[in-house]
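# Fold and geometry: a report
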Amino acid sequence: MIPYNFLPDASDKLLTTYLTLRQYPILCGRIRSRMRKMMYSLGILKRDFFEDEVRQAALQSQQREGLRDPLQEESNDVWELRICAMRDQLTDYYFSIHMDTNDLEEIIKKVLQEKGVEARDSLLTINPELAPQDLILKQAMIIEKMPIEDKANLAARLRELKVVLIRHLVSDQLRYINVAREWLTVTDLYEIRRHKIGSGRIGGKAAGMLLANRIIQSEGDEPLKKSVAIPETYYLGSDVFYSFMEINQLLRWNDQKYKPEDQMRAEFPQIAREFEYGSFPTEVIDRLEGILLRLSKKPLIVRSSSLLEDNFGTSFAGKYDSFFCPNQGTLEENLAALTRAVARVYASTLNPNALLYRRSKGLQDYDERMAILIQVVQGEKHENYFFPLAAGVAFSKNLYRWAPQIQRDAGFIRLVWGMGTRAVDRVGNDYPRLVALSHPLLRPNSAPDAIKRYSQQHIDLIDLQKNEFLSLPVHAVLNEQYDDLRYIAQLDQDGYLSSLRSSVIEGSMTDLVVTMEEFLKKTTFAENMRQILHILENRYQAAVDLEFTAQLREGSPGKPQVEICILQCRPQSQLEIAAHVQVPINLEERDVIFSTEFMVPEGMIPDIQYVLYVPPEQYYSMATSQLRADLCRVIGLMNKLLAQDVFICVGPGRWGTSNSDLGVSVSYGDIYNSRALVEVTGQGYGNAPEPSFGTHFFQDLMESQIYPLAVHLDHPEMQFNRKFFDMLPNHLLAFLPDQSALEPYLRVILVSDYRPEHRLVLAMDDIKGKAVAYIKPVTLPGI
């Protein structure tokens, strides 16, 4: 009702009144009638000429709509509505040309006074639950900009408007809303709306990133505020997901979550193909093309942000896909790559592992829709490559301490050079830098040969020339021209690691070891991260984990400025600990099944009835990758069959790795009923396993209260009862008679076969750093 050229000069009072009156057509009609009368009385308009112009405008609108015989094709009711619309438009047009905002404000005031309403009181007359988002957003902005004394009287109203906006734009999860309403500003919500395609929510991953940044910008000191940012981000609302499925006839797959697991897995390849080659609504394509034009050749990443992701107790870590778009082709090529990436993320919503995860969490019936983040990749160009100096995942609680002086509450980081994908996935024979933030330079093993063996071997990056996301050996990228070389690498000189003092390397480039030592020692990175995690945990009222990138900028001499970019923030999954566990002393050797002192968590598992054991010798002798895949499938079947029993899994190398040469490559859907995963290495069966703490697989274990442990067979203090694991009967065929081919590779051990009327107890003492699995008599009820 306010003419558009009045808006920049309109007072808050006028805007407030206008926004409210939009909901009341009768009042708007009266105000426009007064506007016309004022122009008639001043001779600006003549009533007859004006009504003739209204009629001509209505006829022209019919012609534009292709009506060739209006009398026959349009009813009198529709014609009257058309006339009214044209009359309102022309009234606004002429009033905006000849009158000013004071005239309009006076008219509105008089109309409201006749109804007994003050303009400021009209703020309370809209119902935010039913009003359009634009109306809610504009009214909230008006209140937020008011003088403090006026805003105080409307504090409750502002909170109501913000909660409704958060629920409509961001997330409907109550625990998130309870935190976000205290921190997100109306300007934050306006920016979300401005960068969003579609009308749906932006999902959990986006919600956590935005909230974390706002908290730091509000609570951090000035140096910390300047060091923290988020990427330039655009959103595809969750409603676009269903629009995509509908126009591509994909809604028939919406019942996948209720199907048996075997059927889910059999049908998913077809689902993925159909999604990947689907088309998008024209208006979405136009907006995506506009984003690409705006961002030029900046590399992008398309990330999942489903409505359930990153919530309290359900992180969905690694369940949905993300894809890098190098964005170095033509506009048409880049648009095709972008839409294909979005479609592939949509397809991952129906990935069996994601559906089984939802089923295990009691979320199967929730209408899980997928929103999308399109983000500018953080990093810098080095020759033909693009990557950040550092990236990784940080936790405000350190659940695995490798030395007694490490403080649990100071936090922990998995840190890598390049893209953070190598920090959150257990990929290849590779290792991140593990950082305890209370003692950033303290390593799990300080021997130079161990540091080199467990250092990062590959880097994930974007090859700008090839227009691809790649994983390359670090020595294919490291050279003297890399500006930050001294911060990420050390030189191996005759078994001693020394920091670089100049850009000239005294020796071969292959002698460089990626340690991130000087980055941790010479910058404020570790202290900044410790502060960030502490602030976020305090305001979330829960432990948090954070995915990030980091770059260095010029600062004071010898002290470069650290820039940390928050990519994701969510509540940290933790094991539930009722009380401190003390490992029994003076156990008889024959009662101990295994023990370890390698990064032990805190907890206890009583009454273990079964052990699923994969013998290392047999596993590494398996002839084909298909046989190993069959083994994982059968472990998954046993996981279901033992759902009502207490069992643990024991086997070689890294459980959950993507490389079956390094360990048992199960997924979450194969082991979610297990109570512990015990990784066995040494004696020729691989290196000591790098702790899974911080990976997506680890997140799954924590949420499901599955304890991860590692037993290193070469460690002198370790115990591993070969008689128990190798000599007891194998009950696999009693459960799965048709799996005789896998009997040598998977042993289903019944604990009472070792000693009748006994169960296994696994006790883990974090303070002493020791875990012991031992035999204990069954406790009968009432005794």
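What counts as what
- Here the residue numbering is sequential within each chain, running from 1 through the sequence in written order.
- In keeping with the predicted nature of the model, local features appear solely for residues at pLDDT of at least 70, side-chain atom pairs appear and are counted solely at 80 or more, and the whole-chain, interface and lining totals rest on all residues.
- As a convention, hydrogens and water are excluded, and side-chain values are obtained from all of the structure's heavy atoms.
- Helix and strand definitions follow DSSP, with helices as H or I runs of at least four residues and strands as E runs of at least two, each counted in order from the N terminus.
- Relative accessibility thresholds used throughout: buried, under 20% of the residue-type maximum; exposed, over 50%; partly exposed, between the two (1.4 Å probe, protein chains only).
- The criterion used for residue contact is that any of the two residues' heavy atoms lie within 4.5 Å.
- Note on areas: these come from Shrake-Rupley sampling with a 1.4 Å probe, and a residue is covered only by the protein chains present in the view.
- A pair of strands counts as paired when DSSP detects no fewer than two bridges linking them.
- For helices, the fitted line uses only the C-alpha atoms of the stretch in contact; every axis is such a line through C-alpha atoms, and the angle between N-to-C directions lies from 0 to 180 degrees.
- Here a Phe, Tyr or Trp ring, Trp counted by its six-membered ring, pairs with any other such ring whose centre lies within 6.5 Å, and the pair is stacked when the planes are under 30 degrees apart, edge-to-face when over 60, and tilted otherwise.
- As a reminder, the over-ring test applies to NZ of lysine and CZ of arginine, requiring each to be within 6 Å of the ring centre and within 35 degrees of the ring normal.
- When a carboxyl oxygen of Asp or Glu is within 4 Å of a side-chain nitrogen of Lys or Arg, the pair counts as a salt bridge.
- An expected span of 1.5 Å times one less than the residue number is assigned to each helix.
- In protein, a polar contact means a hydrogen-donor-capable atom and an acceptor-capable atom, both N or O and within 3.5 Å, with residues adjacent in sequence counting only if both atoms are side-chain atoms; elsewhere, any N or O pair within 3.5 Å suffices.
- Should an angle fall under 35 degrees it is called roughly parallel, over 145 degrees roughly antiparallel, and 65 to 115 degrees roughly perpendicular, with every other angle called oblique.
- Amino acids outside the nonpolar list (Ala, Val, Leu, Ile, Met, Phe, Trp, Tyr, Cys, Pro) and the charged list (Asp, Glu, Lys, Arg) are all regarded as polar, and Gly is one of them.
- The predictor attaches a confidence to each residue, called pLDDT, with possible values from 0 through 100.

Our focus in this paragraph is the overall build of the protein. Scanning the protein from terminus to terminus reveals 30 helices and 28 strands. By residue count, 56% of the 783 residues in the protein fall in the buried class. The long-range share in the protein, meaning contacts at least 24 apart out of those at least 6 apart in sequence, stands at 75%. Of the roughly 34,300 Å² of accessible surface on the protein, 48% is carried by carbon and sulfur atoms.

Turning our eyes to something else, we now look at the pairing of strand β9 (residues 390-395). In terms of burial, β9 is largely enclosed, as 6 of its 6 residues are buried. With burial as the criterion, each face of β9 is covered, one bearing A390, G392 and A394 and the other bearing A391, V393 and F395.

Strands sit in the order β15-β14-β16 across an open sheet of 3 strands; the sheet is antiparallel. In the strand order of this sheet, the two ends are held by β15 (496-499) and β16 (512-514), each with one partner. Strand after strand, the sheet turns through a mean of 40° between neighbouring axes, direction not considered. Looking at chain direction, strand β14 (residues 489-493) and β16 are connected through 3 bridges and run antiparallel. What sits directly across from L491, in β16, is L512.

As a further point, take the environment of A140. Mapped onto the fold, A140 is located in helix α7 (residues 133-144). Each C-alpha atom of the pair A140 and Y190 lies 9.9 Å from the other, and the pair is 50 residues apart in sequence.

Glancing now at the packing of aromatic side chains. By convention here, two paired aromatic rings are described through the distance between centres and the angle between planes. If you walk through the whole model with that rule in mind, you get 26 aromatic pairs. Judged by centre distance (6.4 Å) and plane angle (65°), the rings of F50 and Y94 are edge-to-face. Here F50, found in helix α3 (residues 47-64), pairs with Y94, found in helix α5 (residues 76-98); they are 44 residues apart in sequence, far enough to count as distant. One aromatic cluster is present, formed by F241, Y242, F244, F275, F280 and Y346 through successive ring pairs. Of note, R654 hangs over the ring of Y431, and the distance from its end group to the ring centre comes to 4.9 Å.

Counted according to the given criterion, the structure contains 43 salt bridges. When the shortest N-O distance is used, the salt bridge between D188 and R214 registers 2.8 Å. Of the two residues, D188 sits in helix α11 (residues 186-194) while R214 sits in helix α12 (residues 203-219), which places them 26 residues apart along the sequence. Classification of D188 by relative accessible area gives buried; the value is 17%. R408 is the partner of D766 in a salt bridge, and the nearest nitrogen-oxygen pair spans 2.3 Å. Taken together, the residues D766 in the loop between β27 (758-765) and β28 (770-777) and R408 in the loop between β9 and β10 (412-416) connect sequence positions 358 residues apart. Judged by its relative accessible area of 5%, D766 falls in the buried class. We classify R408 as partly exposed; its relative accessible area is 25%. Members of the salt-bridge network, linked through shared partners, are R303, D545, E547 and R570.

Counted at 1.5 Å a residue, the expected span for α7 with its 12 residues is 16 Å, and the 16 Å between its end C-alpha atoms agrees. Within α7, 9 of the 12 residues are buried, which leaves it mostly tucked inside the rest of the structure. Buried within α7 we find Q133, L135, I136, L137, Q139, A140, M141, I142 and I143.

Now for the side chain of S304. As for its placement among the helices and strands, S304 is situated in strand β4 (residues 300-306). At a separation of 3.0 Å, a polar atom in the side chain of S304 contacts the side chain of E309.

This part takes up the pairing of β28. Across 4 bridges, strand β19 (residues 592-596) lies against β28 in antiparallel orientation. Residue pairing in the sheet places T596 in a bridge with A771 of β28. In this structure, β27 lies alongside β28, joined through 8 bridges in antiparallel fashion. Within β28, the position partnered with A763 by the bridge is V772. Here β27 hands over to β28 after 4 residues, with G769 in that stretch at a positive phi of 70°.

Glancing now at the sheet that holds β28. In space, the 5 strands of this open sheet follow the order β20-β27-β28-β19-β25, with antiparallel pairing throughout. Each edge of the open sheet carries a strand with a single partner, namely β20 (603-608) and β25 (719-720).

Orientation of helix α15 (residues 261-276) relative to helix α18 (residues 352-360), taken along the N-to-C sense of each, is 150°, at an axis distance of 9 Å. Of the possible angle classes, the one that applies to α15 and α18 is roughly antiparallel. Taking contact as the criterion, the partners of E261, M264, R265 and F268 in α15 are, on α18, P352, N353, L355, L356 and R359. Split into classes, the residues belonging to the contact of α15 with α18 amount to 5 nonpolar, 1 polar and 3 charged.

Bringing the confidence of the model for the protein into the picture now. Residues of the protein with pLDDT of at least 70 account for 89%, and the chain-wide mean is 86. Ignoring residues within four places in sequence, the model shows residues 1-17, a span with pLDDT below 50, making 43 contacts including any to other chains.

Further remarks concern the environment of I608. Locating I608 in the fold gives a position in strand β20. Using a relative accessible area of 0% as the deciding quantity, one classes I608 as buried. Spatially, the C-alpha atom of I608 lies 5.4 Å from that of F647, the residues being 39 residues apart in sequence. Setting aside anything within four residues of it in sequence, one finds I608 in contact with V646, F647, I648, V751, R759, L760 and L762.

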